[in-house]
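Each chain is listed here by its residues.
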Amino acid sequence: MQLGLSVSDSDVSSFTPLVVLELADDTKAEAITWLLNRIRDKQQNGGETPGMLHLGKEKPNPNVFLVGSTLQRLLNGAEDVGLFKEFQDGTMRGFTYANRESFKDFNGEICDFILSDAECQYIIKHELDTLRAKNEEHVPGYPKLKLYPGKSVVRRLQSKGVLIQYFPLHNKEDLKRLSFSWYKKFKLSFQPLDDIRHYFGEGLALYFGFLEYFTFALVPMALIGIPYYLFDWEDYDKYVLFAVFNLVWSTVFLEVWKRCSATLAYGWGTLSRKKAFEEPRAGFHGALGFNPVTGREEPVYPSSKRQLRIYLVSVPFVLLCLYLSFYVMMVYFDMEFWAINIYNENPDIATSILLFVPSIIYAVVIEIMNLLYRFAAEFLTDWENHRLESSFQNHLVLKVLVFNFVNCFASLFYIAFVMQDMVLLRQSLATLLITSQILNQVMEAFLPYWLQRRRNKKVHKRMRRLMGDKELPLLGQVQLETEMNTYLGTFDDYLEQFLLFGYVSLFSCVYPLAAVLVVLNNITEVYSDAFKMCHVFKRPFSEPATNIGVWQLAFETMSIIAVVTNCALIGLSPQMKAYFPESDTQLILIVVTIEHVLLAFKFILAFVIPDVPKHIQVNLAKLEFDSLEALKKRVSTHLCRWCQWQ
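Bear in mind that the values here come from a model prediction, so they are computed numbers and not experimental data.

### Re unusual backbone geometry
Phi is positive for Asn385, close to 65°, though the residue is something other than glycine. By secondary structure assignment, the location of Asn385 is in the loop between α11 (357-383) and α12 (389-419). One non-glycine residue, Gln420, lies in positive phi territory at about 55°. Looking at the element boundaries, Gln420 is found in the loop between α12 and α13 (422-467). Classification of Gln420 as partly exposed rests on a relative accessible area of 40%.

Okay, structure coming up:
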């Protein structure tokens, strides 16, 4: 394997590889040349073109390229994508190339500038994604592969299998430092969120920030739950006080998080960043038409057809899945009654263990059904042909959340409010929670790690066989990372935390150790997720984020359901029934009134407590005022010059 320049005017020693571009091994030579020339000619406003190193070899793939860029082009790109950076006065401002020297820590060197590797890779991704066909043309060597004007070249090639993948390259030194401060030593302290953001971007850093905040917020629940569990373990009627505390906790929890999220986003420069114009998804298809917004010809798909697909196919399918979930739940109850009858006939150690078997089986079945439904939901949402990625994600989240909520919590609601068996509710909740946590750790941590170790061994053997005793660490790193799993985003991570939040906020009053189990799970989750991001998955592209997005609404909806559920559990308690021994109607009216009062208090609290802290609001207003004043000054200067010219 020879390492040399294929498309660049730069010296190899000064080249910094940032992004790996892998084409199919049977890609036509003329198509490769055409694509690389298009990437090289992308720059329009001066500056040098991005560097391109070619890692070519007959095996395993001769079409692997490393993409880098010059300092000037990256700085221009930082302005194009709207990055916010810290100004000399400490405020966060939109970066501009003309005023680059006014930003903090800028001295002309990319390694010393505030622009991180993750942001450089994001800029290159933006350059690649915005590479568009100027005219209707065919890809050289592929007469059937047609490009339409304004269509993304990279996404088109990726959808047709010519471009296999492109992903950011890990930085070994930065990754080593991050690994040491993040997970290599056990410590009960805060995570290095700034370092995570610097390496992986704001989207992933916000997830770990939420995971950390959720874990610390559960500590009071856990500290109260342990003595409550020890002293009132067999007295299930005394859960009213814990339910009241649960109500307050679930209400305050999310309001405080929104302020924490805003503080993090402001410090990272994404809070005031304008939302970028969304390009069509790579999988979006339709007849060629005129887009009145962009002024380009691009695929157009009628909204009426999409709505028909949603309401005539997707909605009935979701309802069918919910019916199957209810059917499985009833089978579980039949198994539960069978185990209870056997225990009542012959109470001993074996039959007492048998009491937990139906719940364990049901918990495993729930996880399998959730996994299968997830694949079906992704297929259906893709088939609905949403134009924008945000619309695709919103519909996918809605489908998955509805099914997962019913599948995971329907049996608990049935036991609590139909059977009104608090002993069975506690047992079922404990079994579901523990079993799901064990399965998640196996599927998300141990299995991917084991599979990745096998892949690494195969890659190392192949490299030694091909290269012999030659040392090419960059080549080995690239080949190793091309074989790694692709990180699919934080969807599954947020979904897991959403379900855990549901277990705690809905029914932890009857099983006080639920918060303790979730705290232990999240502590291990931090370390396992950190290890996966550093050593199991390819490095994901940085994605700017202001908050946790649609998941904030999902958690808030769960907190509203928690208010209703805990009020209903309080109404079912013997303590409350003792006050109204002869009037169930009066008890129901009082419980409903309390529930409405608490919901009103929740909405008032959300209105009164600002989502953004006051000092950040002042800084943002000051920044906006300064921008307006600067604009007025520029306009005034131009008017004076025009008057003098006249």
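Now, onward.
### Observations regarding the packing of α11 against α12
Contact geometry for α11 and α12: axes closest at 10 Å, N-to-C directions at 160°. Regarding the angle of α11 to α12, the classification is roughly antiparallel. Pair α11 / α12 crosses with right-handed handedness. Residues Tyr362, Ile366, Met369, Asn370, Tyr373, Arg374, Ala377, Glu378, Leu380, Thr381 and Asp382 of α11 lie in contact with α12, whose contacting residues are Phe392, His395, Leu396, Lys399, Val400, Phe403, Asn404, Asn407, Cys408 and Ser411. Counted by class, the contact of α11 with α12 contains 11 nonpolar, six polar and four charged residues.

### A short note on the layout of surface pockets
Rolled over the atoms, a probe sized like a water molecule indicates the empty space that remains. Roughly 1100 Å³ of volume is contained in the second largest pocket. Lining the second largest pocket are 40 residues, with Leu371, Arg374, Met443, Glu444 and Asp492 sitting closest to its centre. Ranked by the residues each element gives to the lining of the second largest pocket, the list is headed by α13, at nine residues. The class makeup of the residues in the lining of the second largest pocket is 23 nonpolar, seven polar and 10 charged.

### With respect to the pairing of strand β2 (residues 19-23)
Taking burial as the measure, the five residues of β2 include five buried ones, the bulk of the element. Alternating residues of β2 divide into Val19, Leu21 and Leu23 and Val20 and Glu22, and every residue in both groups is buried. Here four bridges tie β2 to strand β4 (residues 64-67), and the two strands are oriented antiparallel to one another. From the neighbouring strand, Val19 faces β4, where its bridge partner is Val67.

### So, the pattern of salt bridges
One pass over the structure, following the stated rule, counts 12 salt bridges. The residue Glu119 makes a salt bridge to Lys85 at a minimum N-O spacing of 2.6 Å. Separated by 34 residues along the polypeptide, Glu119 in helix α3 (residues 117-129) and Lys85 in strand β5 (residues 84-86) bring together distant segments of the chain. In this structure, Glu378 and Arg374 form a salt bridge, with 2.9 Å as the shortest nitrogen-oxygen distance. Linking Glu378 with Arg374, this pair stays in helix α11, spanning four residues, or about one helical turn. The structure contains a network of salt bridges with shared partners spanning Lys85, Glu119, Arg197 and Glu202.

### Regarding the side chain of Arg374
For Arg374, a relative accessible area of 12% translates into the label buried. What Arg374 contacts, discounting residues up to four positions off in sequence, is Val400, Phe491 and Asp492.

### Let's talk about the confidence of the model for the protein
Taken over all residues, the pLDDT of the protein has a mean of 78, while the share at 70 or more is 79%. Mean pLDDT across the elements of the protein ranges from a minimum in strand β1 (residues 2-7), with 32, to a maximum in helix α15 (residues 491-507), with 91. Low pLDDT (under 50) marks residues 1-13, which in the prediction has 28 contacts with non-local residues, meaning those over four places away or in another chain. Note that pLDDT drops below 50 for residues 43-49; the model gives that stretch nine contacts with residues more than four away or on any other chain.

### Observations concerning the nonpolar core
The tendency in soluble globular proteins is for nonpolar side chains to be buried side by side. Residues Trp182 and Trp551 are the most contacted members of the largest nonpolar core, which totals 107 residues. Other than its neighbours up to four places away in sequence, Trp551 contacts Val397, Leu401, Phe491, Tyr494, Leu495 and Phe498. Counting 38 residues, the second largest nonpolar core, distinct from the first, contains Leu21, Ile32, Leu36 and Phe95.

### Examining the packing of aromatic side chains
Counted according to the given criterion, the structure contains 37 aromatic pairs. A centroid spacing of 5.1 Å and a plane angle of 20° characterise the contact between Trp249 and Phe253, whose relative ring orientation is stacked. Residue Trp249 and its partner Phe253 are both found in helix α8 (residues 240-268); the two are separated by four residues, about one turn of the helix. Owing to a relative accessible area of 3%, Phe253 belongs among the buried residues under this scheme. Each ring, one from Phe405 and one from Phe413, has its centre 6.1 Å from the other, and the planes form 45°; the classification is tilted. Arg539 extends its terminal NZ or CZ atom over the ring of Tyr199, reaching a point 3.7 Å from the ring centre.

### Some words on the environment of Tyr183
With respect to the helices and strands, the residue Tyr183 is situated in the loop between α5 (172-182) and α6 (193-200). Sequence-wise, Tyr183 and Ser528 are 345 residues apart; in three dimensions their C-alpha atoms are separated by 8.4 Å. The contact partners of Tyr183, leaving out residues within four places of it in the chain, are Tyr527, Ala530, Phe531, Cys534 and His535. In this structure the side chain of Tyr183 is engaged in a polar contact, spanning 2.6 Å, whose partner is the side chain of His535.

### Brief notes about α12
Between its first and last C-alpha, α12 extends 43 Å over 31 residues, near the 45 Å set by a 1.5 Å rise per residue. Phi turns positive one or two residues past the end of α12, at Gln420, with a value near 55°.

### Quick notes on the side chain of Ser428
If you trace the backbone, Ser428 turns up in helix α13. Relative accessible area serves as the criterion here: at 2%, Ser428 is assigned to the buried category. With sequence-adjacent residues up to four places away left out, Ser428 is seen in contact with Tyr332, Ser359, Leu412 and Ile415.

### Here we look at the packing of helix α7 (residues 202-231) against α15
The geometry of α7 relative to α15 is characterised by a closest axis approach of 11 Å and an angle of 15° between their N-to-C directions. When the interaxial angle is binned, α7 and α15 end up roughly parallel. For α7 against α15, the interelement crossing comes out left-handed. Facing Leu206, Tyr207, Phe210, Leu211, Phe214, Leu218 and Met221 of α7, the residues of α15 in contact are Asp493, Tyr494, Gln497, Leu500, Phe501 and Val504. Taken together, the residues that form the contact of α7 with α15 break down as 11 nonpolar, one polar and one charged.

### Quick notes on a nonpolar patch on the surface
Together, Leu371, Phe375, Ile434, Ile438, Val442 and Met443 give the surface a local cluster of nonpolar side chains, amounting to about 550 Å² of exposed area. When contributions to the nonpolar patch are tallied by element, the ones reaching two or more residues are α11 and α13. A total of four residues in the nonpolar patch trace back to one element, the largest contributor, which is α13. Checked against the element boundaries, Val442 lands in helix α13.

Rules of the game
Residues numbered from 1 in each chain as written. Predicted model: local features only at pLDDT ≥ 70, side-chain atom pairs only at ≥ 80, totals over all residues. Heavy atoms only, no water. Helix = DSSP H or I, 4+ residues; strand = E, 2+ residues; numbered from the N terminus. Buried < 20%, exposed > 50% of the residue type's maximum accessible area, 1.4 Å probe, protein only. Axes fitted to C-alpha atoms, helices over the stretch in contact; angles between N-to-C directions. Parallel < 35°, antiparallel > 145°, perpendicular 65-115°, else oblique. Left-handed = near helix turned anticlockwise from the far one by under 90°. Contact = heavy atoms within 4.5 Å. Nonpolar A, V, L, I, M, F, W, Y, C, P; charged D, E, K, R; others polar. 1 Å grid on protein atoms, 1.4 Å probe; cavity = no way out; pocket = protein on both sides within 12 Å on 5 of 7 lines; lining within 4 Å. Points joined across faces, edges and corners; volume = space filled by probe spheres on them. Pairing = 2+ DSSP bridges. Salt bridge = Lys/Arg side-chain N within 4 Å of Asp/Glu carboxyl O. pLDDT = per-residue confidence, 0-100. Core = buried A, V, L, I, M, F, W, Y, C linked by side-chain atoms within 4.5 Å. Phe/Tyr/Trp six-rings, centres within 6.5 Å; stacked < 30°, edge-to-face > 60°. Lys NZ or Arg CZ within 6 Å of the ring centre and 35° of its normal. Polar contact = N/O pair within 3.5 Å; in protein donor to acceptor, adjacent residues only side chain to side chain. Expected span 1.5 Å × (residues − 1). Patch = residues over 30% accessible without salt bridge, like charges linked within 9 Å, V, L, I, M, F, W, Y side chains within 5 Å. Areas by Shrake-Rupley, 256 points an atom, 1.4 Å probe, with all protein chains shown as cover.

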